[in-house]
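Take a look at the letters that make up each chain.
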Amino acid sequence: MTIQMIIYLLFFFLFCIPLYVLFRFLYLKSKKQGKIQRNWTHEMGLFAFFVSILLIFYVTIFPTFLMVNQKLYITFKKGDHHQNTIPFQTIKSLLYLLKHHIYLEYAWMNLLGNLFLFFPFALFAKLLFPSFKSIFILLFATFFSLLIEFIQIPMQRISDIDDVILNVIGAGLALIIASFIQKFIKIKKTSSKLS
């Protein structure tokens, strides 16, 4: 564990968690719910949703400790590969690396990392706010992902349309799983009422 990662974890535990608890408490107080009337499962879900949003920003804006192969990253930067606007070009490159067992750690981290980056966000959004339509959550995830890629351009970071594609696929998978969970909960509630 690097010093940088320890600093980030301390920042998260000493600043982000207390900040969330404070704002949540103030919100409930303003709604005349000082004593948290919602169940703890819902509260933990909201906290996990908050953490998933923080994690997206953390991994995409400050990912230095996650760069598993900094030499490869520097090579990309020297080659002026800051932006990729051609869909599936990077995905094909990553699949090529996996097929030929080259830079495996980098390829898996890039592929699976982008695929599952928006997974918790979409999953918790659908489960916590069932009135939100899946298409709305998917569109928001797309916009959110595009925004991150645009932010990365002036930061001289690699901005890639394939990151957006993988993020949206991951969000879509999360929405499918969330709908199965919701159906299972409904069936369980119905069967408990009948018995």
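Residues numbered from 1 in each chain as written. Predicted model: local features only at pLDDT ≥ 70, side-chain atom pairs only at ≥ 80, totals over all residues. Heavy atoms only, no water.

Trainee: Please provide a residue-by-residue account of helix α4 (residues 89–99), values included.
Mentor: For α4, the complete set of buried residues consists of T90, I91, L94, L97 and L98. Down the axis of α4, the sector holding all buried residues measures 120 degrees, keeping them to one side. With respect to the buried face of α4, the exposed residues turned more than 90 degrees away are K92 and K99. In the segment just after α4, H101 is the residue with positive phi, at about 55 degrees. (Buried < 20%, exposed > 50% of the residue type's maximum accessible area, 1.4 Å probe, protein only. Helix = DSSP H or I, 4+ residues; strand = E, 2+ residues; numbered from the N terminus. Arc of directions from axis to C-beta.)

Trainee: Give a description of the nonpolar core that names residues and reports values.
Mentor: If you look at the biggest cluster of nonpolar residues, it comprises 20 residues, and the most contacted ones within it are I56, F118, F121 and A122. Within the residue set of this core, elements represented by two or more residues are α2 (40–61), α6 (119–128), α7 (134–152) and α8 (161–194). Ignoring sequence-local partners within four residues, the contact set of I56 consists of L117, F118, F121, F144 and I148. I91, Y106, A107 and L166 belong to the second-largest nonpolar core, a separate cluster that totals 10 residues. (Core = buried A, V, L, I, M, F, W, Y, C linked by side-chain atoms within 4.5 Å. Contact = heavy atoms within 4.5 Å.)

Trainee: An account of the confidence of the model for the protein chain is needed here, citing residue identities and associated values.
Mentor: Looking at the protein chain as a whole, its pLDDT mean stands at 81, while 81% of the residues score no less than 70. Confidence, read as mean pLDDT per element, is least for helix α3 (residues 70–78) in the protein chain (51) and greatest for α6 (95). (pLDDT = per-residue confidence, 0-100.)

Trainee: Account for the packing of α2 against α7, naming residues and giving values.
Mentor: The description of two packed helices rests on the angle between their axes and on the distance between the axes. It is the contact of α2 with α7, at a shortest axis distance of 11 Å, that shows an interaxial angle of 30 degrees. On the basis of their axis angle, the class for α2 and α7 is roughly parallel. For the crossing formed where α2 meets α7, the hand is right-handed. Judged by residue contacts, I53, I56, F57, T60 and I61 of α2 engage F144, I148, I151 and Q152 from α7. Per-class residue counts for the contact of α2 with α7 are seven nonpolar, two polar and no charged. (Axes fitted to C-alpha atoms, helices over the stretch in contact; angles between N-to-C directions. Parallel < 35°, antiparallel > 145°, perpendicular 65-115°, else oblique. Left-handed = near helix turned anticlockwise from the far one by under 90°. Nonpolar A, V, L, I, M, F, W, Y, C, P; charged D, E, K, R; others polar.)

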